[in-house]
Amino acid sequence: MTVDLAPIAPYFSDLRAGRPLAVLTGAGVSAESGLPTFRGPGGIWEGERAEELATPGAFARDPVKVWRFYSWRREKLRAARPNEAHLALARLEATLPRMTLITQNVDGLHAAAGSRHPIELHGSLLRDRCSGCGHVSPAPDQPFESLPPRCPLCAGLLRPDVVWFGESLPYDAWQAAEAAAEESAVFLVVGTSSVVAPASSLGIIAARAGAHLFEINPEATPIAPLAEGVFRAKASTVMSALATALGAA
Ligand code: OAD
């Protein structure tokens, strides 16, 4: 499939010359790696209530249920590999003088594709954190033998090191993401439904600060009316075309 890059092409020379590009990604970027998105048909939240699986209250009430959910996601993750969207973004980062990659994804696939410093707004499913002493450790290669897992240091309850609904984003990650949005010349919103705050506000912040905003998503989202251009196609198709056009083949 060919992609008509005309709406964004006028900014290519600026980006090559070092004007900053910022990119916000969501679950749609990993869909082509076989990881389900959250919303829509077949999404993770279909038939599930996020409040019962991804909140501090849910974990306090039933840590085993919450851990079964995240263990299932880890299993899917173990079989997943970066797709062309992740790889094209990594090539772009290696080619452009200034690019910041911000993601809501917790799957680690941007780093696996070679992106050096993805800003992970929602934490990482590849790490655990003790809800007692705060000790952070890499997630084990194999599923836990029994749930819920306990901290090796203090025997407190381990939790996945992700951000749940009702929790604040990691301070440094948010500061860096907000700064990148504010200073970006071009801001791409890729594969996210743009309904979960505060990540969804980054495109708005960028547009208000004067960035040229583009959406890459087969479906329209609430950010679309603010966008200068939209690409209604899969992330792999558009990012691959964009990377090639910018010399990041
Ligand atoms: P969503 O599931 O809400 O949205 C995924 C988006 O990806 C949708 O708009 C799809 O149209 C789009 N999409 C699907 N396949 C695509 C493809 N191949 N290429 C491009 N786009 C595609 O996922 P997020 O917006 O990431 O938070 O969700 C945001 C947050 O809500 C998540 O980080 C998670 C979730 O609840 C927490 O768990 C705290």
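Here, every reference points to the structure presented above.
The structure contained in this document is the topic of the report that follows. Note that the structure is predicted; figures quoted are calculated from it, not measured.

1. What about the sheet that holds strand S2 (residues 99-103)?
The strands that make up a sheet are held in pairs by hydrogen bonds between backbone atoms, and each pair lies either parallel or antiparallel. On the basis of which strands lie adjacent, the open sheet formed by 6 strands has the order S3-S2-S1-S7-S8-S9 and parallel pairing. Strands with a single pairing partner mark the edges of an open sheet, and in this sheet they are strand S3 (119-120) and strand S9 (229-231). As paired strands, S2 and S3 are joined by 2 bridges and run parallel to one another. Bridged to Ile102 within S3 is Ile119.

2. Here's the deal with the site of the ligand
By nearness alone, 22 residues border the ligand, and Phe38, Arg39, Thr192, Ser193 and Asn217 come closest of all. At 2.9 Å, a side-chain N or O of Trp45 approaches an oxygen atom of the ligand. For the ligand, whose free accessible area comes to 800 Å², the fraction covered by protein is 91%. When each cavity is represented as a set of grid points, the ligand is found to reside in the largest pocket.

3. Some details on the side chain of Asp161
Residue position: Asp161 is located in strand S6 (residues 158-162). Note on Asp161: relative accessible area 12%, which makes it buried. A polar contact is formed between the side chain of Asp161 and the side chain of Arg129, at a distance of 2.7 Å. Setting aside residues no more than four positions away along its own chain, Asp161 makes contact with His122, Gly123, Ser124, Arg127, Asp128, Arg129 and Val136.

4. Section: empty space enclosed by the protein
One pass over the full model with this rule turns up 2 cavities of 30 Å³ or more. The space that makes up the largest cavity amounts to roughly 40 Å³. Lining the largest cavity are Trp67, Ser71, Arg74, Arg78, Pro140, Gln142, Pro143 and Phe144. Taken together, the residues of the lining of the largest cavity break down into 4 nonpolar, 2 polar and 2 charged. Looking at the second largest cavity, its volume works out to about 30 Å³. It is helix H6 (residues 109-113) that provides the largest number of residues to the lining of the second largest cavity, a total of 3 residues.

5. Re helix H4 (residues 63-78)
For H4, which comprises 16 residues, the first-to-last C-alpha distance of 22 Å matches the rise-based estimate of 22 Å (1.5 Å per residue) to within 8%. Turning to H4, its buried residues number three or more, namely Pro63, Val66, Trp67, Phe69, Tyr70, Arg73, Arg74 and Leu77. Looking down the long axis of H4, one finds its buried residues gathered within 155° of arc, a one-sided arrangement. Contacts from the buried residues of H4 go to helix H3 (56-61), strand S4 (123-130) and S6.

6. Comments concerning the pattern of salt bridges
Applying the stated criterion across every chain, the model contains 12 salt bridges. Ionic pairing is found between Arg127 and Glu120, a salt bridge with its closest N-O pair at 3.9 Å. Classification of Arg127 by relative accessible area gives partly exposed; the value is 30%. One salt bridge in this structure joins Arg232 and Glu215, with 2.8 Å as the shortest N-O distance.

Reading the values: the criteria
- Residues numbered from 1 in each chain as written.
- Predicted model: local features only at pLDDT ≥ 70, side-chain atom pairs only at ≥ 80, totals over all residues.
- Heavy atoms only, no water.
- Pairing = 2+ DSSP bridges.
- Helix = DSSP H or I, 4+ residues; strand = E, 2+ residues; numbered from the N terminus.
- Near = heavy atom within 4 Å.
- Polar contact = N/O pair within 3.5 Å; in protein donor to acceptor, adjacent residues only side chain to side chain.
- Areas by Shrake-Rupley, 256 points an atom, 1.4 Å probe, with all protein chains shown as cover.
- 1 Å grid on protein atoms, 1.4 Å probe; cavity = no way out; pocket = protein on both sides within 12 Å on 5 of 7 lines; lining within 4 Å.
- Sits in = over half its atoms within 2 Å of the grid points.
- Buried < 20%, exposed > 50% of the residue type's maximum accessible area, 1.4 Å probe, protein only.
- Contact = heavy atoms within 4.5 Å.
- Points joined across faces, edges and corners; volume = space filled by probe spheres on them.
- Nonpolar A, V, L, I, M, F, W, Y, C, P; charged D, E, K, R; others polar.
- Expected span 1.5 Å × (residues − 1).
- Arc of directions from axis to C-beta.
- Salt bridge = Lys/Arg side-chain N within 4 Å of Asp/Glu carboxyl O.

By themselves these figures say nothing about function.
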